[in-house]
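Structural description and commentary
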Amino acid sequence: DSSEPAAKEPRLRDTPEDICFEATANAIALHPDRPLLAAGDVDGDVYLYSYSCTEGENRQLWSSGHHLKSCRDVAFSQDGQKLFTVSKDKSIHLLTVEEGRLETRFPKAHGSALNCVLPVDAHIFATGDDNGALKVWDLRKGDAILEAQQQEEYISAMAVDGNGKILLTASGDGTLGVFNVKRRRFELLSEPQNGDLTSVTLLKRGRKVACGSSEGTIYLFNWDGFGAASDRFALRAESVDCMVPVTDSIVCVGSLDGVIRAVNILPNRVLGCVGQHLGEPIEQLAVAPGGQLLASCAHDQKVKFWDISALGDMVVDDYRKKKKKGVPLRALSGKAVGSGEDFFADLRDEAEPETA
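The structure presented is a predicted model; accordingly, all values stated were derived computationally and were not measured.

1. Re the pattern of salt bridges
Oppositely charged side chains can pair when the atoms bearing their charge come close. Across all of its chains, the model carries 11 salt bridges by this definition. Its salt-bridge partner being Glu 55, residue Arg 13 comes within 3.9 Å of it at the nearest N-O pair. Taken together, the residues span a long stretch of sequence, with Arg 13 in the segment before strand E1 (19-20) and Glu 55 in the loop between strand E4 (46-50) and strand E5 (59-64) at a distance of 42 residues. Residue Asp 257 is joined to Arg 261 by a salt bridge in which the shortest nitrogen-to-oxygen separation is 3.0 Å. By sharing partners, the salt bridges in this structure join Arg 11, Arg 13 and Glu 55 into a single network.

Rendered as structure tokens:
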């Protein structure tokens, strides 16, 4: 018989394979509806990839080299048709997601290198720079509608409420800035916290705001009390460099030590390790639509994907067991260091309410 061997079925994985870059990726974003990943690197190049859990199916769709210096942040528009990119060269670019065509360009958008960008609604977006300046732009006018410099250090991250009204800015000077986009004005600054504020996110249906700091502490603010932090939670981590919400109470945080931790907020608890870029500082995290996958980029020139589907079912009890010192973080995904067969047993224990 000379029958040909049957073609091998493509292997399905829990997560897409790593995507490798020629230079360090500073920034990543995941498309709101489709399995697409955008990345910007230190050379100023921007890439769009499609990702898949089928082995060998990750594809580069296009790349763009319009920026002259490092691309610091990327963000998809809310309808997923445009990609915002900002760079150390002080420019803002708007690219079409389908073919990566440069559609709009603001060449000297700020006086200093740009650091972050946040779409607010279909027409409004905000940018922050290395000097603490914030600008809010209206694409219909093609210009800034709000300019403010209330913070003394770089703006590291921004967040906006569900109505697109209140914009929050985290800064390297340790303050949280509050701006009213609808009224185009500055509202207030928080007291300075210890270390640089590196990230900001809304939790508990918008009633709480969490900020990560370079000192490894998460500061919590009440929505109606931005002047002073209402609570703080010190992680056993060198730093909190980036943070994304996964559920209404759980965030994933990336640190200088290369570890991605899952953290429950109120009650404050480190749940365990989702994944790691061993010894490589993590630059940015992004959650895929549906909340099943987390993507991370670090100094190892890779984007990695992690299965975070188990986090949605975790129940965190107010009762706190005394932690033994030196015990490694619990592995929360199959690829996390230290994951073993007993990992799911741990999860079941966590999910079952304790009987008196």
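Let's pick the thread back up.
2. Topic: the packing of aromatic side chains
Overall, the coordinates contain 10 aromatic pairs when judged by the stated rule. Measuring from ring centre to ring centre gives 5.1 Å for Trp 223 and Phe 226, while their planes differ by 75°; the resulting arrangement is edge-to-face. On the basis of relative accessibility, which here comes to 25%, the residue Trp 223 falls in the partly exposed class. Pairwise contacts between aromatic rings join Phe 84, Phe 106, Phe 125 and Trp 137 into one cluster. Stacked on the ring of Trp 306, the Lys or Arg Lys 335 has its end atom at 4.9 Å from the ring centre.

3. A word on the confidence of the model for the protein chain
The share of residues in the protein chain with pLDDT of 70 or more is 90%, and the mean pLDDT across the chain is 91. Contacts for the low-pLDDT stretch residues 340-356, under 50 throughout, to residues beyond four places or in other chains number 14 contacts.

What counts as what
- Residues numbered from 1 in each chain as written.
- Predicted model: local features only at pLDDT ≥ 70, side-chain atom pairs only at ≥ 80, totals over all residues.
- Heavy atoms only, no water.
- Salt bridge = Lys/Arg side-chain N within 4 Å of Asp/Glu carboxyl O.
- Helix = DSSP H or I, 4+ residues; strand = E, 2+ residues; numbered from the N terminus.
- Phe/Tyr/Trp six-rings, centres within 6.5 Å; stacked < 30°, edge-to-face > 60°.
- Buried < 20%, exposed > 50% of the residue type's maximum accessible area, 1.4 Å probe, protein only.
- Lys NZ or Arg CZ within 6 Å of the ring centre and 35° of its normal.
- pLDDT = per-residue confidence, 0-100.
- Contact = heavy atoms within 4.5 Å.

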